[in-house]
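Structural overview for review
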Amino acid sequence: MKVVFLGPPGAGKGTQVEIISSRYNIPKIVMGDILRSEVNRGTELGKIVRQYMEKGELVPDEIILQIIEKHIKGLDSFILDGFPRTLNQAKGLEKITKIDRVVYIDVPDEEVKRRLLARGRMDDKPEVIENRLRVYKEQTQPLIDYYESKGILVRVDGVGSVEEVTGRIERALGLKG
Ligand code: AP5
Ligand code: MG
């Protein structure tokens, strides 16, 4: 199964992908974690992507597509978290492989802001959160219609306990009845 998790910052993508990936033994590719690891190790790539991440801007598509291609190679099953985030990335992904399902985790703005402010990651500062939400609406939200028109989008209500949301995702993916 090749699945993409889509949703605003703070929707719970990372939380849910971790659970589904370990429960069903499906490899996960978490773009934010890959980029943060480059930043933390101070690599050349890390120095470049840091400038975008700390402002809540998207890292350029060419860089992201190179990274994803390397990670997807040889896998016939995976979960993608945080990729694709632009139409251009979605089209790049199609050239590499075919996606079976896109899980869209729907959470209102007020709730994601509350969650992110409570967490406090490097990019969880109020003004950066606002920018991440703005960038999400401009560049990533169009992917919802894009995948819906392809007939592979499933919408999941992301408000509720972590276990409740996991149950909704498992049913949406036909993993349990
Ligand atoms: P990324 O790391 O992907 O961050 P994000 O999309 O902003 O989302 P988060 O990771 O903050 O939220 P999440 O949906 O994973 O929720 P989580 O489970 O953590 O990207 C960071 C940056 O990297 C981007 O801004 C960009 O610069 C760059 N980047 C990444 N991918 C890129 C790409 N493809 N192209 C270009 N640039 C890219 O949960 C959030 C919090 O809520 C946690 O504290 C959690 O414990 C809590 N929580 C989770 N579920 C619930 C629940 N049900 N109820 C209450 N609290 C909950
Ligand atoms: Mg995440």
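For the structure given in this document, a descriptive report is provided here. (Residues numbered from 1 in each chain as written. Chains lettered and ligands numbered in written order. Predicted model: local features only at pLDDT ≥ 70, side-chain atom pairs only at ≥ 80, totals over all residues. Heavy atoms only, no water.)

**Focus: the overall build of the chain**
Rule in force here: Where helices and strands are cited, they refer to DSSP runs of H or I of at least four residues and of E of at least two residues respectively, numbered from the N terminus. For this measure, only C-alpha atoms enter the radius of gyration; the expected value for a globule follows 2.2 Å times N^0.38, where N is the number of residues. When checking whether two residues touch, look at their non-hydrogen atoms; a contact exists if any pair is within 4.5 Å. Note on areas: Shrake-Rupley with a 1.4 Å probe; residue coverage comes only from the protein chains shown. Charge counting treats Lys and Arg as positive and Asp and Glu as negative, with His and both chain ends excluded. Charge positions come from single atoms, namely NZ of Lys, CZ of Arg, CG of Asp or CD of Glu.
When its secondary structure is counted, the chain shows nine helices and five strands. Each helix (α) and strand (β) of the chain, taken in turn from the N terminus, gives the series β-α-β-α-α-α-β-α-β-α-α-α-β-α. A compact globule built from 177 residues should have a C-alpha radius of gyration of about 16 Å, and the chain, at 15 Å, falls within 12% of that. Overall, the chain is about 45 × 35 × 30 Å in size when its C-alpha atoms are taken along their principal axes. Summarising the internal contacts of the chain: among those between residues at least 6 apart in sequence, 71% fall at separations of at least 24. A total of about 9,000 Å² of accessible surface is found on the chain, and carbon and sulfur atoms cover 50% of it. For the chain, the separation between the mean place of its 30 positive charges and that of its 28 negative charges on side chains is 2 Å.

**Things to note about the packing of aromatic side chains**
This is how the line gets drawn: Classification of ring pairs uses Phe, Tyr and Trp, with its six-membered ring standing for Trp, and accepts pairs whose centres are within 6.5 Å; under 30 degrees between planes counts as stacked, over 60 as edge-to-face, and the remaining range as tilted. With a 1.4 Å probe rolled over the protein chains alone, any residue whose accessible area is under 20% of its type maximum counts as buried; one over 50% counts as exposed, and the rest are partly exposed.
Applying the stated rule across the entire model yields one aromatic pair. Between the aromatic rings of Tyr 146 and Tyr 147, the centroid separation amounts to 5.3 Å while the plane-to-plane angle is 70°, which identifies the pairing as edge-to-face. With respect to class, Tyr 146 is no different from Tyr 147; both count as buried.

**Here's the deal with the pattern of salt bridges**
Note the threshold: Take a side-chain nitrogen of Lys or Arg and a carboxyl oxygen of Asp or Glu: if they are within 4 Å of each other, that pair is a salt bridge.
Summed over the entire model, instances satisfying the criterion amount to 22 salt bridges. Its salt-bridge partner being Lys 113, residue Glu 130 comes within 3.3 Å of it at the nearest N-O pair. Residue Glu 130 is located in helix H7 (residues 126–140), and its partner Lys 113 is located in helix H6 (residues 109–119); the two are separated by 17 residues in the primary sequence. When salt bridges that share partners are traced, they join Arg 119, Arg 121, Asp 123, Asp 124 and Arg 132 into one network.

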